[in-house]
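Understanding the architecture of this molecule
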Amino acid sequence: MKYLKINIEEKADIEVLKNTVLQLKGVSSAEIIDDENPESELKKAFAKTKEQLKKGDYETLVNDIFDILTKNNSKNNK
């Protein structure tokens, strides 16, 4: 999978930009990542997990957890 990183100005409306990008052909998802506020990323991860549990999307949830564990394990082995 390929990613596109977009740096925005502080006053930009991030949600509008995200929704606009999602309308483009070939875009499967868009997420807002705040490098300056990693706590918000943790909150988003918990919210995503909560939604996955509500929807019964256990396969994706397990895959996400597996990805996290294998990434952390790879870092520890280096």
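Look up a bit, the structure's there.
Residues numbered from 1 in each chain as written. Predicted model: local features only at pLDDT ≥ 70, side-chain atom pairs only at ≥ 80, totals over all residues. Heavy atoms only, no water.

1. Some words on the overall build of the chain
The helix and strand tally for the chain stands at three helices and zero strands. Listed by position from the N terminus, the elements making up the chain come as α-α-α. In the chain, buried positions account for 5% of the 78 residues. Of the accessible surface of the chain, which amounts to about 7,600 Å², a share of 55% is contributed by carbon and sulfur atoms. (Helix = DSSP H or I, 4+ residues; strand = E, 2+ residues; numbered from the N terminus. Buried < 20%, exposed > 50% of the residue type's maximum accessible area, 1.4 Å probe, protein only. Areas by Shrake-Rupley, 256 points an atom, 1.4 Å probe, with all protein chains shown as cover.)

2. Quick word on the pattern of salt bridges
Here the structure, examined in full by the defined rule, presents two salt bridges. Between K48 and D64 there is a salt bridge; the shortest N-O distance is 3.3 Å. Taken together, the residues span a long stretch of sequence, with K48 in helix α2 (residues 38-55) and D64 in helix α3 (residues 58-77) at a distance of 16 residues. Across the salt bridge formed by E51 and K54, the nearest N and O atoms sit 3.7 Å from each other. Highlighted residues: E51 and K54, both in helix α2, separated by three residues, approximately one helical turn. Look at E51 and you get partly exposed, because its relative accessible area is 37%. Take K54: its relative accessible area is 61%, and that puts it in the exposed class. (Salt bridge = Lys/Arg side-chain N within 4 Å of Asp/Glu carboxyl O.)

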